[in-house]
Every structure is written in C-alpha cells, then in structure tokens.
There are 2 protein chains.
Amino acid sequence: MPNDNKAYAKREKAYMTGKMFPSVKVGMIKVNLTPTVTKDKHGIPHTVPNAPVYIYDTGGPFSDPSIEVDLKKGLPRVREQWIVERGDTEELPQVTSEYGKQRLADHSLDSLRFEHIRLPRRAVKGRTITQMAYAKAGIITPEMEYVAIRENMNCEELGIKTYITPEFVRDEIARGRAVLPANINHPEAEPMIIGRNFLVKINTNIGNSATTSSIEEEVDKAVWSCKWGGDTLMDLSTGENIHETREWIVRNCPVPVGTVPIYQALEKVNGRVEDLTWEVYKDTLIEQCEQGVDYFTIHAGIRRQNVHLADTRLCGIVSRGGSIMSKWCLIHDRESFLYEHFDDICDIVAQYDVALSLGDGLRPGCIADANDAAQFAELDTMGELVLRAWDKNVQAFIEGPGHVPMQKIQENMERQLDHCHEAPFYTLGPIVTDIAPGYDHITSAIGGAQIAWMGTAMLCYVTPKEHLALPDREDVRVGVVAYRIAAHAADLAKGHPGAQVRDNALSKARFEFRWRDQFHLSLDPERALQYFEEAGHTDGEYCTMCGPNFCAAKLTHDLRKL
Amino acid sequence: MPNDNKAYAKREKAYMTGKMFPSVKVGMIKVNLTPTVTKDKHGIPHTVPNAPVYIYDTGGPFSDPSIEVDLKKGLPRVREQWIVERGDTEELPQVTSEYGKQRLADHSLDSLRFEHIRLPRRAVKGRTITQMAYAKAGIITPEMEYVAIRENMNCEELGIKTYITPEFVRDEIARGRAVLPANINHPEAEPMIIGRNFLVKINTNIGNSATTSSIEEEVDKAVWSCKWGGDTLMDLSTGENIHETREWIVRNCPVPVGTVPIYQALEKVNGRVEDLTWEVYKDTLIEQCEQGVDYFTIHAGIRRQNVHLADTRLCGIVSRGGSIMSKWCLIHDRESFLYEHFDDICDIVAQYDVALSLGDGLRPGCIADANDAAQFAELDTMGELVLRAWDKNVQAFIEGPGHVPMQKIQENMERQLDHCHEAPFYTLGPIVTDIAPGYDHITSAIGGAQIAWMGTAMLCYVTPKEHLALPDREDVRVGVVAYRIAAHAADLAKGHPGAQVRDNALSKARFEFRWRDQFHLSLDPERALQYFEEAGHTDGEYCTMCGPNFCAAKLTHDLRKL
C-alpha cells in the first residue's frame, strides 16, 4: 500500500521490536521528510533536516511491500507463537459446532471455501486464557507490550513523556477499562487496544444484505477499510454463505473482527424470529469463536419489561438486533435467551478470548428519541451485565448511540461511565442532526469527535450512504477518513502523548511549501495530491487558492526577512 | 430551484406577510408532506395528514419559479421602497469614488459592464441611517420585522413558543449583539440577522485568484451558493476587473455581500504592499459602499507592536489581509492606516449602513499556534475597535479562527464574548486537526458546530479544496451542506425555537418509509435521491442497507402490531 504510487513515495513500512518480548514487531508507517531549506541574506541555502514521523498503521502485511499476500492462503499468523507458548490452549481434533461440521461436510460449498482452514484452538479445561485473566494475575503478555509500543508512536524518538507502558496496559485491562480483542483463533490480527486512556479507535462495517455481493467483494472491502485506517472490522453480512465469507475475511484481516451472531442465527431459522432458540444461538457462537471472530455484539440488554418503553418513540427501535430480540420477547412473552443465558455466553467466549460488545438494542434512532427512558433502562442492564462478564474474566465493552443532539451527548458519556463501571464505550457517531441524509458521515463525525473527547474509546464509522443504501468502496474510504479525523481530533483534545506530532510536522511542511511532505503526512495522500494536481499546480511557493501575490505564507516569509 | 426536478417535487415557494409592515413578504420553502397511512387489524387503511414544514430559504427569487430572473437586469429591489420611504437618504448625481468614475469612463470595459447600473444612494448629511441607529432610537424597521418572521419559521403554525419578536430583534441590534447587514445600495438583498440569539448563519466565499475565472463563472457560483444555503457571500476576488465582476454579483445576489477591500486596494498599487496608502484604501471603501457591498472585512486589529508576536509561530500569519498589513507596518515602521483611520472608516461606512467585520489578521494557521499571544493581543484590539464602531452607530462583528484543537475552542468563545462586548463572532471553522487536507470541510465542521453551539453567530464555510486549490461548483455544494449541518446542529443544541421541527418531520418520514418526504425535507434532496435510486430502490418498506428481513423499522412496525 505505501509505495504503490507517488502519493506514498516517501512512506515506508518500519517495525519496532519489543524490549520484553523480542518476537514483538510492531509495524508502522515511517514518513521520511525532506529537509527545510532556507536562504540567508546572501542567498546561500541552509539545510535543516526534518525528523521522520511514524504513523499508526492498520494495514498489516498489506502495507508492507516486502510481503506478498496471497489471499488464498491468508495472512501470516503473527500471534500464533505467543498463544502456543502459553501452553494453556489446545488444538481441537475438529470444529465443535454442529453448523461448522455441516458446512465442512457439504461438498457443494467446496468452490467457495477458503482452502487452508486450520483446526481451531480452545482453552485447556480449567484454564482461563483471556487477556483480562492474565492481566488480573499480574502477567504482561506480548500482546500488551505490542499495544504499548503501538500507542507510543513518535514518543521515544522525540523524547515525549508518556504514561503508556506495558504495565499500564495490563492494569487498564485488569480494571476492565480497556479491551484487547484477541481470539486465539485469529492469530493473524495485530494486537490493538480499546480504552479511553488510549488512542481513539474506529470500527468499520462491511457485509452484504439480501442483495448478494460476492466473497471477493467483501474481502476487498475488508482490506480496503484497513488500508484507510479501520482499527476493527465488523462483518454484518446477512446474506448467503455467511460462514464461508467470514472464513475468507478472518484469514485475511489484520485487525480484530466483530460480528452480530444473532444475524446468522436468524438466517438459520429462515428469518422467523419466533423460531430463534438458545440452542441455535449457542451453536452459532461456538461456530464463530472457532473461526476467529474477536468480538460479538450481544443484545442481552433488552429486557422483556423494557420493550414497551420504545412504544411512544418517534422512530421505535432502529437496532436490527434490538428489534429482533424485542420481537422475540413479545412473541414468547418472556425474558430473552440472551439475558437468561448471559453467564453461559461468557463461559463459551472465555474459552477463546472473544470479547463482548454489549449491543444497544434500544438506542435512539432520531434526535427526538435521544436520552429517553428506553435507552437508559438498557444502559442500566448493561452495567449489570458487564460486571458479570468481568467476573468470568471476559473482556467487554458497551455500545452507544446513535442519534443524539450535541447538548445531550455529555449525559450519555457520564451515565455510561457511571452505570457501566468505566467499561469502554463504543458509539455509532452519534449523528447530531437528522436533516442530512447523504452526508451522515459528517453529521456523525461531529458527534463522534465530541463523545470521543469526553471518553468514548471506539467510534463505529458511518458512511455517506447511511440510511440510504449499502456503501461502496469510495463510501468506505470517505467514511473511514471522516472517522479518523474525529478520532484524531479527540486524541489531540485529550492530550494523548505524541498525537500532535503529525499535525505539527504537516503544518510545518505546509508553511514551508514542502507540498509532497504535506501529502505524505496526510490521512488521504491520494486525494490531497489529486486536488493539488488537478488544479495545475507545480511545487511552487503558492497555490491557486490565493495566487502568488496573495499567499499569506509567502508574505510571512518575506516578513521574517524584514 | 425548488421544482426543477423530482427531488424537489413537493417543495414550493411561499411567502409570509408582515403584520407591522404589509410590504414585508418573507420567502420560504414550504414542503408539502404526504399523509401517514396505517392499516388496522382488519386491513383497513387510516390516513392522517402531516403538517407542511417551512424551510429557511436563502435562494431569493432564484427559488421562486414564478419569477423569471434576468441576470442582465439584476434581481427585484425588495428593500428599495423601505429605504426611500425613510427619507433620510438621497440619490447622488454620480458615483463619488475616483476609481468608480474612472472605470465608468473607460469604454474598453463596456462589454464587461453590467448594463443597468443605478446611481448610488447615501445618507443625507447629518442623518444616521444604520439599522443600529434606528434600533437605538427605538424604531422597528421593516427589515427587523422581516428577520423576526424569517427566524420563526414553523413556530406560529405549530404553536411553538418563541422569544423572537420584532422588538427583540431591535433590542439585540441596539445592544450590538446582532448585525443586520443592509447597505442601502444593495436593496436586492433579503434581510437576515447575525447574532447568537438567532439561527446560526453561514458565509460562503467565491472569487477568482490570479488564474482568472470569468464573470459568468463567479455569478454562477454566487447563485449556486445561495441555492445550497449560504446566508452571506464574500467576494474575495483578487484578479482583473474586480469592480465590474462585483457589480454583476451584487445586482444578482439575494443575500448580503462582503468583501476585503484591502485586496482591491493592493491590486490598485500593482501588488506593492509598501505603496498602499489611506487615500487609495478610502477611495476603495467608497467605491464598494456605492456598489452595494454589505460588509467589509477590515484588518484594523493589527498593531505595529504586536506583529512580532507571530515571529515564533510554526505557521506565521495565514490571513492574507493580516500578512499584507503586517508587512506594511514593518516596512513603514508605523501603526497601520487602518487602525489610525478607524474612526474615518466608520464615518464613511455609516453613510451607507455597511457593517464592519473586524478581520483576525493574526489568527492561528495551525493547531500548534492556536490561542497564542498574537491571536489574543489582536482580539483585545478588536474589543476596543468595536466600541468605537458602535459609538458611530456602525454595526460590527468579529472574525475568529481558523485552526483550534477542540479543547481550546471554548476559551476562544469566552474571551471573545468578554473582550469584544458580545459583538457577534464570525469564525472560519475552526479546523480541529491539520492532518486531513482534502477533507477540511469535515475537520472544520466539527469545530464549527462546537463553537456555534457555544455562541458563534456565523460560520465561514470551508470546502474540501481548502489549502489546496480554488473550489469548483461541486466543492461549493459540499462545503455549504457541511456548514448547514454544523449550523443546524448548533441551532438544535442551543434550543432555537422551531429548529427541531424539520428533524422530527424527516425522522417520522424515514420511520414510515415515506422516502420522498424524507428527501424533500433534507439539506440536499438531489444527493439523497441519487444514492437511493442508484442502489436500485423503489419505495418499498426497506432499503438495500439491511434488506427486507433485517429492517429494524419494519420489525418495529410489526412489534407495534403485537
């Protein structure tokens, strides 16, 4: 990715090695800058070098030109050695879910199937293998050192003081304030951390709906979203061959993968909500745990008694999972199996270190419904559930809205911190006005930046097509960049160590007319370069925006000579 | 504009008549909605009408299909009668600026010239004719009633309580907390108000730089920006034939027009900063006052003693006007003529009721320079100047940054309110991170929404091309929509009366699958419809985003039947 065209010419992939664990090699993008050249009053040029800038990189092997990725074989398994060496997991003789067995046995699927499916691993009976369990036991894992290095980009090089150490990472995970998604069956994923004392992360969604898109398209979108900066990837597919598509995605995805298992469970009962059962759902969880999904959205916060709270809403229930479970509760007039079997769910996922994302099934779907009784009743339930997850050493975070006007954002954050015991918050935007379909990446980046500044750990991206259609490749790019902006703006506002290094380097390049350096440092070098070149620019000391006589930067340089 | 294609089929232009002044006819867009149709358990449909929604309209005659606009003749002069009837202004026998006379006498310009140039008006000697002077005298003008009606869109119809009355408008103008830009020589402009107790406004910039674009292109961009929702328009041209281009723009612009007169003054001295003089500048002011410019950006806040404060900045001075005046101060080693002649400037503009926008020549040009000594020293000077303007009954507002990380935005607003005596604040964004060239409409909409919520009265838009090139038509559209989003999000957060009506109507339409109603209510109906249709949608009860089985809205409707 970095060197495929001139927009990335000065970028290269670099690796930083762990001090505790030499097998930890944290990939990042190194941007090599040109020097600053000034002329003194005699016209003699003076050259001062500019330090390289490191950029957090979610591209994994795809951004390393020295690695040739073969999608048919999947990515290198960077975490496998660490997992195996811990000696607390074992390779199973076969997949254990009924559905997984069925699909493997179905030879009509052979042409669709990823060729190199490995046997799944699971915890040895009696061992607790989650990063949270290790952390509580005082253990620092290679994964923890990895994220500590990754979060400190530019700090050591530039002498910036940082509080983020492997010990700090461990303590935040132990406390439940941070999640390190790390299914032992997805060793291809590079460790990353979700918590409010770390860099703000963004999630991207892919997945087909009833209109089938092909497996190739979905894998392409997954890689594409990592290229632009997605920190995690949710596969929200609801169409055919979900199982096989997921295998392809997981095997080729360098970031943690999340799913909403109820979607596949519903497909298994042919879309009939009333036919959903704990047994079907449980088998789906095991199936996905063994494929390597890193976190599950579970709408266990829907309580029978709270469903009616959405009756008077302008927009009812807008969460797919929430509406499915609410309907199930009403049809059967009983508590949902997700709530009733929550401890069983935790016991299952703990064996693979799959994290739980407690889904906000009653999130508001418009400005008018924000911060209402339905939403906050569910938040209270999630606060109860997160303690139950932690009791079983299951990592967990909390999903949040949605649609919230700016003046109501802070209450969301404060209540979540308070009622959910500081578990990481993971919000969808929020969108701050409903009047801009076609531009909801912007309405939601506004809300996302604010709530992330206040403490939300991860933002789920929204594309321009939200509310209208499935995003295409270009929508994914624009959505990711809009969210990287929101996340980075929050990192700056929170004073994350090293966050401002890139801004300052880019600003300096801009002021010094080092145009190419400016573009190499930007979130979307291709777009910046495209706009610049389309306007007929060369690399002179002005641009068409102001022209040579009215360029303020040029005038300031004159000024400094006076 | 509203009925030119199916995206606008349910929109029509409507007018609301003044109660104090029957000649006040406030144009707005009326969106006629289809009824809500539900079926009871016997399958019998029930129809409930949905009230029409009124949308604030900046399109003027261009959005009224019953008016045929001839750009060669200019727009109807809606305010002329009111101005004439006040009897305190007079038509001059000829333009009074030297430059204006020269240009008129130059027959080589005849082919470029707007054909129907009228004689300018000016205050009768001894009379003070600004809206501020009337307001202080307790007079409610037709302009004031006009904006009161305009700001209360949907309130009367829906019984929403509102504090905005003609008396309130008058009092805010008298106090200096709001500006109603209303050059008596631009009677084509529809009255609007800029102040923090009113709807947040947005300004758009057009204008060519050294690469000349034609007069037609500039007029086209002006009309286009009004179509999308620009509340005021700044013509920042710096190329050839500025005078003639401006005449065309002003005569065809239904919103107030602003300029930065120092740009044209610099062209008159062939780009040589050192040759700028008060006399050239003064003649430029008179020239533009008589053409009908409604507000001038004046960088009078640059003091000789403060210029050096920018020396240690990462990005120096990034305001064109600021860098020009700073250079002038250093070359001549004296106080700027703008500061020294500020009272003279006020005396000139008061005769035409041109408002002053005190330009922030020392605004920060990157995150690193935000809230520094240079910026705040200038703000203090602007606080002194605004009192001097008010003493002469000149309406004034204050320009603000620029580039500010989120955690430093509030200090900007608080200082401005305090040091500038609550004069309206007019900011450029602010951009909250520097790492996204090509996406600065988003980086700045994030900051703009926040500062507007805190009290900024008007936001200057930023397009995707900012820092890279001049915007084209599509950039103008995207920039305006991004800023309408930021402004509206702030209106919601501030609780402006009636602001949420449109959100609620759109949300209801979305939930009820009244797709066309949703689009007619949106900020960019064409874009929303395009995305919808490109995805192959019909008007069914789901979209391709989730498909029929996973549509939460559909499921909620089922739920409500249970």
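Right above here is the structure, for reference.
Now for a look at the structure at hand. (Residues numbered from 1 in each chain as written. Chains lettered and ligands numbered in written order. Predicted model: local features only at pLDDT ≥ 70, side-chain atom pairs only at ≥ 80, totals over all residues. Heavy atoms only, no water.)

1. Re the interface of chain A and chain B
Opposite the 102 residues of chain A that make contact, chain B presents 102 residues. For the pair chain A and chain B, the summed buried area comes to about 8400 Å², and 71% of that belongs to carbon and sulfur atoms. When the buried surface of chain A facing chain B is broken down by residue, Ile435, Tyr439 and Phe550 of chain A rank first, second and third, together holding 10% of it. If you look at where chain A meets chain B, you find two salt bridges. Summed over the shared surface of chain A and chain B, the result is 20 residue pairs in polar contact (both at pLDDT 80 or more). Looking at the side of chain A that touches chain B element by element, the count peaks at ten residues for helix α17 (residues 473–494) of chain A. Looking at the side of chain A that touches chain B residue by residue, the classes come out as 59 nonpolar, 25 polar and 18 charged. (Contact = heavy atoms within 4.5 Å. Buried area = accessible area lost by both parts, 1.4 Å probe. Salt bridge = Lys/Arg side-chain N within 4 Å of Asp/Glu carboxyl O. Polar contact = N/O pair within 3.5 Å; in protein donor to acceptor, adjacent residues only side chain to side chain. Helix = DSSP H or I, 4+ residues; strand = E, 2+ residues; numbered from the N terminus. Nonpolar A, V, L, I, M, F, W, Y, C, P; charged D, E, K, R; others polar.)

2. Here we look at the sheet that holds strand β10 (residues 201–206) of chain B
Residues and elements named next belong to chain B. Read around the barrel, eight strands follow the order β10-β11-β12-β13-β14-β15-β16-β17 and close on themselves; strand pairing throughout is parallel. Neighbour-to-neighbour, the strand axes of this sheet turn through a mean angle of 25°, independent of strand direction. Examined bridge by bridge, strand β12 (residues 257–259) and strand β13 (residues 295–298) share two bridges and lie parallel to one another. Considered in β13, the bridge of threonine 259 is made with phenylalanine 296. Packing of helix α10 (residues 278–291) onto the sheet brings it into contact with β12 and β13, and relative to β13 it is tilted by some 155°. Packing against the sheet, helix α14 (residues 373–391) makes contact with β14 (355–358) and β15 (396–400), and its axis sits at approximately 165° to β15. (Pairing = 2+ DSSP bridges. Axes fitted to C-alpha atoms, helices over the stretch in contact; angles between N-to-C directions.)

3. Topic: the side chain of threonine 204 of chain B
You can see threonine 204 of chain B is positioned in strand β10. If we ignore the near neighbours within four places in the chain, the residues touching threonine 204 of chain B are Ser225, Gly230, Thr232, Leu233, Met234, Tyr461 and Val480 of chain B.

4. So, the relation of the copies chain A and chain B
If you rotate chain A by 180° and push it 0.0 Å along the axis, it lands on chain B with an RMSD of 0.0 Å. Taken together, the rotation angle and the small translation identify this as a two-fold axis. When C-alpha positions in chain A are compared against the rotation axis, the closest is assigned to isoleucine 446 of chain A, at 2.3 Å. Interface residue correspondence from chain A to chain B reaches 99%, placing this contact among same-surface, isologous pairings. (Least-squares fit on C-alpha atoms with pLDDT ≥ 70 in both.)

5. Structural notes on the sheet that holds strand β1 (residues 11–17) of chain B
Residues and elements named next belong to chain B. The strand order across the open sheet formed by three strands is β1-β2-β5, and the pairing between neighbours is antiparallel. Two strands bound the open sheet, and with one partner strand each, they are β1 and β5 (53–56). Mean inter-strand twist for the sheet, computed between neighbouring axes without regard to direction, equals 45°. Sheet topology note: the β1/strand β2 (residues 25–31) ladder contains seven bridges and is antiparallel. If you follow arginine 11 over to β2, its bridge partner there is valine 31. Against the sheet, helix α4 (residues 142–151) makes contact with β1, β2 and β5, and its axis sits at roughly 15° relative to β2, the strand it touches most.

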